Amino acid sequence: MIENKTLQLIHNLTQQLEPTPWYKKPTAIFSLWFLFIIGYFPWLLKRFFNISILSLPALSFYSLLCFSLLAVTFIFGSTLVLCQSFPGRNLKLSKWMFLTFLAAWLLTIILCYPFTDASAPHEGFAYNHDDYGCSTYIFLIALAPAIALLLLIRILAPTRPKWLAMSALLACSAGAAICLEFICPHKTIIHLLYGHFGAIIAFGLLGYLAGKRLLKW
């Protein structure tokens, strides 16, 4: 804690002595990030899954609820990570709000499933052999946004690399899971827990374990 505060103080003093380059200013950072995600996800859905952003397939109420929670997690989470990366920012309460969205999605999977017609009731607890396939999709789809977001964070010389890397990868994998709401035909509870939610958590843990190396500056 003391080391982080010292590094932050040194960085703030350095910023006061030197003019801030254009690419380190909040406007530039957020513009680059949102331009990237606006272009990346529509291109990916069209290029690999032949799904146009202008004519998305219809979603059930259950899938739409999951989609909304994941979208909020992705947008809020990535924005929060960038905000926390700027020197002098302290958003301790906000980070718990981000994790709350992930928890809400988990509860949606468990509690709302019996009220859907995604599959027969007896299939709700059947292990699905495509779990690892969806996990792989989440990893591959989230890889490019994760690299882009981590590069933007590194530019800002962050002082909390483990937390920021974990949050960045959680947000990007939640964004990848949004795409799977349109392409994954399996809606069993175990599949969603293992193949979707489990992959998001695993990606986040990877960020926490490798945070110092990923965000070294």
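Right, let's walk through the structure included here. (Residues numbered from 1 in each chain as written. Predicted model: local features only at pLDDT ≥ 70, side-chain atom pairs only at ≥ 80, totals over all residues. Heavy atoms only, no water.)

Right, let's talk about the overall build of the protein for a bit. Looking only at helices and strands, the protein has eight helices and zero strands in total. Its helices and strands taken in sequence order, the protein reads α-α-α-α-α-α-α-α from the N to the C terminus. Taken over 217 residues, the protein has a buried fraction of 43%. Taking all contacts inside the protein whose residues are at least 6 apart in sequence as the whole, residues at least 24 apart take part in 85%. Roughly 11900 Å² of accessible area belongs to the protein as shown, and the carbon and sulfur atoms make up 70% of that amount. (Helix = DSSP H or I, 4+ residues; strand = E, 2+ residues; numbered from the N terminus. Buried < 20%, exposed > 50% of the residue type's maximum accessible area, 1.4 Å probe, protein only. Contact = heavy atoms within 4.5 Å. Areas by Shrake-Rupley, 256 points an atom, 1.4 Å probe, with all protein chains shown as cover.)

According to the stated counting rule, one finds twelve aromatic pairs in the structure shown. Pairing F36 with Y40 gives two aromatic rings, centres 5.5 Å apart and planes at 10 degrees, and the pair type is stacked. Taken together, the residues span about one helical turn, with F36 and Y40 both in helix α2 (residues 26–49) at a distance of four residues. Residue classification places Y40 among the buried residues on the basis of a relative accessible area of 10%. (Phe/Tyr/Trp six-rings, centres within 6.5 Å; stacked < 30°, edge-to-face > 60°.)

What follows is about a nonpolar patch on the surface. Together, F139, L140, L143, I147, L151 and L206 make up an exposed nonpolar region whose accessible area comes to about 540 Å². Relative to the assigned elements, L140 resides in helix α5 (residues 131–155). (Patch = residues over 30% accessible without salt bridge, like charges linked within 9 Å, V, L, I, M, F, W, Y side chains within 5 Å. Salt bridge = Lys/Arg side-chain N within 4 Å of Asp/Glu carboxyl O.)

Time to look at the nonpolar core. Side chains of a nonpolar character, in soluble globular proteins, are inclined to be buried together. Counting 57 residues, the largest nonpolar core has W33, L82, W105, I141 and I153 as its most contacted members. The set of elements that each furnish at least two residues to this core consists of α2, α3 (61–85), α4 (92–112), α5, α6 (161–183) and α7 (189–209). When neighbours within four sequence positions are excluded, I153 is seen to be in contact with V81, L82, S85, P158, L164, A168 and L215. (Core = buried A, V, L, I, M, F, W, Y, C linked by side-chain atoms within 4.5 Å.)

This next bit is on the side chain of S173. By the secondary structure assignment, S173 is in helix α6. On the basis of relative accessibility, which here comes to 0%, the residue S173 falls in the buried class. Not counting chain neighbours up to four residues away, the residues in contact with S173 comprise I138, A142, I200 and F203.

Mapped onto the elements, C83 comes out in helix α3. Placed 53 residues apart in sequence, C83 and F30 show a C-alpha to C-alpha distance of 9.2 Å.

Positive phi is not limited to glycine here, since N50 has a value of about 55 degrees. By the element assignment, N50 lies in the loop between α2 and α3. A relative accessible area of 62% places N50 in the exposed class.

Moving on, we get to α6. Taking 1.5 Å of rise per residue, 23 residues should cover 33 Å, and α6 covers 33 Å from first to last C-alpha, within 8% of that figure. Most of α6 sits out of view: 21 of its 23 residues are buried. (Expected span 1.5 Å × (residues − 1).)

Considering all chains together, one arrives at zero disulfides under this definition. Take C134: it sits in no disulfide, and the sulfur closest to it among the cysteines is that of C184, at 3.6 Å. Looking at C134, the relative accessible area reads 8%, which means it is buried. (Disulfide = S-S within 2.5 Å.)

Secondary-structure assignment places L69 in helix α3. Accessibility expressed as a relative area gives 16% for L69, which makes it buried. In sequence terms L69 and I178 are 109 residues apart; their C-alpha atoms lie 9.2 Å from each other. Filtering out sequence-adjacent residues up to four positions away, L69 remains in contact with A104, W105 and T108.

For S167, the position within the fold is in helix α6. Apart from the residues within four sequence positions on either side, S167 is in contact with V81 and F98.

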